[in-house]
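Chain by chain, the residues run as shown.
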There are 2 protein chains.
Amino acid sequence: MTLADSPFLRACRREPVPHTPVWFMRQAGRSLPEYRKTREGVAMLDSCMRPDLVTEITLQPVRRHNVDAAVYFSDIMVPLKAIGVDLDIKPGVGPVVARPIRSRADLAQLRPLEPGDVSYVTEAVGMVTSELGDTPLIGFAGAPFTLASYLVEGGPSRNHEHTKALMYGDPELWAELLDRLAVITSAFLTVQIEAGASAVQLFDSWAGALAPADYRASVLPASRKVFDAVAHHGVPRIHFGVGTGELLGLLGEAGADVVGVDWRVPLDEAARRVGPGKALQGNLDPAVLFAPREAVETHARRVLDAAAGLPGHIFNLGHGVLPTTDPDALTRLTAYVHEQTAR
Amino acid sequence: MTLADSPFLRACRREPVPHTPVWFMRQAGRSLPEYRKTREGVAMLDSCMRPDLVTEITLQPVRRHNVDAAVYFSDIMVPLKAIGVDLDIKPGVGPVVARPIRSRADLAQLRPLEPGDVSYVTEAVGMVTSELGDTPLIGFAGAPFTLASYLVEGGPSRNHEHTKALMYGDPELWAELLDRLAVITSAFLTVQIEAGASAVQLFDSWAGALAPADYRASVLPASRKVFDAVAHHGVPRIHFGVGTGELLGLLGEAGADVVGVDWRVPLDEAARRVGPGKALQGNLDPAVLFAPREAVETHARRVLDAAAGLPGHIFNLGHGVLPTTDPDALTRLTAYVHEQTAR
């Protein structure tokens, strides 16, 4: 097997696979004791800027679970921090932005990202991929809407009221904000691809807060700009947001090769919404992993059954691994999917 | 006009109306300065047990906004508190349960509710309805799944992992838990109807966390039991949960006369999913109220357009009023909907 022929990349291209490939969103993270040990005494953003730690953390779940892809360990705020936005990740809270963006003058905080701003990413991706060999590395970035929500609200928000007030109330400023974020995000993904990432995933964590008409008018153009900007590299582009059942077609339309699906929509129905020519990724409810083994397998089997007729399926959870998940349950689940789908 | 002929009740029955009726989920609450004043120094659960305060708070938004219905001021935890479950509502957190339910022995906390346990509800509904005259009062209860989530998690939860672990791991215990909650909820709604409520709304706040197959198998039977238990009173039964786009048909199937829709699904599409014979309620994004007046009206117009062909439409938000909403925006919105739909 070569890297290009790996089950993960074949599935992204909707080619036949020896088994359904598996990875887990947030597989590199708090569910692993070795991760908690590596991170001890190191702040989140600091850990993202140290190639030795990024390499170790990115590889940990590959060693442990036998998953079919690694996902680059980072945080969606890293490119914004790298261009000098005054922000921090507060434990137990999330990203906190010192000067929220609410006016045209505030946009000055957002200059384009140069590769030199994130040389630690180039270095870390190089180190990770040389260790990974034939296992693909998935690059990672937050999508413009989700970044905008943190920047406008000043931190995590349940209702995104300031973000939506800006979006509905000042469409011109909104469009410029999202455009700047698209430029930054494109550069951040390009750095990862040029350093060796075999695929990229754009996380639009909060897109599910939007009605389809608003997503189409006010968000899709910026996400499309990101996907277009990396298209010529030819690596598969994955797009995911939680609670996006109504948006699945639009997430594909924005330019994804693979659409990630949360657990609320069965994959056969998701395929109808996404339409032909796209692979699907998902979609076991991460909370199922807290149930006994038989229940996990019943639900995983249900995911595989719904995906049975699809040309390209990457098994994943329908959202990130929850921090208190038993890691052994993830290892067993990976083995189960591999066994059940071995051809 | 008589109460039975009020626009709200006519719309629930899918009869012609002089204008589209309007009310807002959480219209009685923190968005109003007069509410904050009434509640000063009074804990949430204490306020729910004082008929004078309940009456005042329930009437405040009717006086201020000219809405077409009042909604009984309560909290979904009130019936559980009334039967002796050790719980509190912590400001800024939500309901906190002293002994979470995780085993069969824990079920002993849940005995049936007797009308005498909530005599203050009977009293308050009587006081409210005599003040309201021809304006209908909507009774209110949390649905069994949402109550179960608070009881099993011990408090608010983003991922409901313990709840789902119990649901998937011990279906028998789960079914008994939900059945007991259905009995309690039925009794709580019956008290409100017998005291004079003209309609009831069952809030399944967290149902949107479930995939349709799990909702159908593990939750729908208990919600149906509640709707069946109050059917003979002949008052309209409303069912609502946020993020339930995939569940709209099932929410109706559980026995609702009116299905509440959040802002993610346009009402014409919601009508297709719910099927004939039901009215719809909704569905302006509550965050839109933070935008300028013209944007609010554009979005409200979009809701009315999507509802134009439907036999029964009650205008509402797609979720509760956010606490920092400008109350004048709600008053203006009510007038706008009345004007735009006057026949």
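Below is a summary of the structure that appears in this document. Bear in mind the structure is a predicted one, so any value in this text is a computation, not a measurement. (Residues numbered from 1 in each chain as written. Chains lettered and ligands numbered in written order. Predicted model: local features only at pLDDT ≥ 70, side-chain atom pairs only at ≥ 80, totals over all residues. Heavy atoms only, no water.)

**Examining helix α6 (residues 119–132) of chain B**
Residues and elements named next belong to chain B. Applied cut-off: Helical segments are the DSSP runs of H or I of at least four residues, strand segments are the runs of E of at least two, and each set is numbered from the N terminus. One fewer than the residue count of a helix, multiplied by 1.5 Å, yields its expected span. Note on classification: 1.4 Å probe, protein chains only; a residue is buried when its accessible area is under 20% of the maximum for its type, exposed when over 50%, partly exposed between these limits. The directions considered for the arc run from the helix axis to the C-beta atoms. Any two residues whose heavy atoms approach within 4.5 Å at even a single point are treated as in contact.
For α6, which comprises 14 residues, the first-to-last C-alpha distance of 20 Å matches the rise-based estimate of 20 Å (1.5 Å per residue) to within 8%. Every buried residue of α6 is listed here: Tyr120, Val121, Ala124, Val125, Val128 and Leu132. The buried side chains of α6 occupy one side of the element, clustering within an arc of 130° when seen end-on. Considering only its buried residues, α6 is in contact with α3 (44–48), α4 (51–65), β1 (70–71), α5 (78–82), β4 (137–142) and α9 (171–195).

**Side note on the pattern of salt bridges**
Operational definition: Salt bridge criterion: a side-chain nitrogen from Lys or Arg within 4 Å of a carboxyl oxygen from Asp or Glu.
Scanning the model with the defined rule gives 42 salt bridges over all chains in all. For Arg64(A), the salt bridge goes to Glu34(A), with nearest N and O atoms at 2.8 Å. Placement of the pair is Arg64(A) in helix α4 (residues 51–65) and Glu34(A) in helix α2 (residues 33–39), with a sequence separation of 30 residues. Here Arg64(A) falls in the partly exposed class, since its relative accessible area comes to 27%. For Glu34(A), a relative accessible area of 24% corresponds to the partly exposed category. Asp5(B) is the salt-bridge partner of Arg10(B), the closest N and O atoms lying 3.0 Å from each other.

**Details of the sheet that holds strand β8 (residues 279–284) of chain B**
All names here are of chain B. So the rule is basically this: One requirement defines pairing of two strands: DSSP has to find at least two bridges between them.
If you trace the 7 strands from one edge of the open sheet to the other, you get β1-β4-β5-β6-β7-β8-β9, paired in parallel fashion. Among the strands making up the open sheet, the edge pair consists of β1 and β9 (313–317). Pairing geometry for strand β6 (residues 237–240) and strand β7 (residues 258–260), over 2 bridges, is parallel. Each bridged residue has a counterpart across the sheet, and for isoleucine 238 the counterpart in β7 is valine 258.

**A word on the sheet that holds strand β5 (residues 199–203) of chain A**
All names here are of chain A. In spatial order, the strands read β1-β4-β5-β6-β7-β8-β9; together these 7 strands make up an open sheet with parallel pairing. The open sheet has two edge strands, β1 (70–71) and β9 (313–317), and neither has a second partner. Pairing analysis gives 5 bridges linking strand β4 (residues 137–142) to β5, with the strands arranged parallel. The partner of phenylalanine 140 across the bridge, within β5, is glutamine 201.

**Re the packing of aromatic side chains**
Selection criterion: To pair, rings of Phe, Tyr and Trp, with the six-membered ring standing in for Trp, must have centres within 6.5 Å; the planes then decide the type, stacked if under 30 degrees apart, edge-to-face if over 60, and tilted in the middle.
Under the criterion given, the structure shown has 10 aromatic pairs over all chains. With 5.7 Å between their ring centres and 65° between their planes, Tyr35(A) and Phe73(A) make a pair best called edge-to-face. Placement of Tyr35(A) in helix α2 and of Phe73(A) in the loop between β1 and α5 (78–82) is noted, with a sequence separation of 38 residues between them. This pair shows no difference in class: Tyr35(A) is buried, exactly as Phe73(A) is. Ring centres 5.0 Å apart and planes at 55° place the aromatic pair Phe140(B) and Phe203(B) in the tilted group. In this pair, Phe140(B) sits in strand β4 while Phe203(B) sits in strand β5 (residues 199–203), placing the two residues 63 residues apart along the sequence. Take Phe140(B) and Phe203(B): they sit in the same class, and that class is buried.

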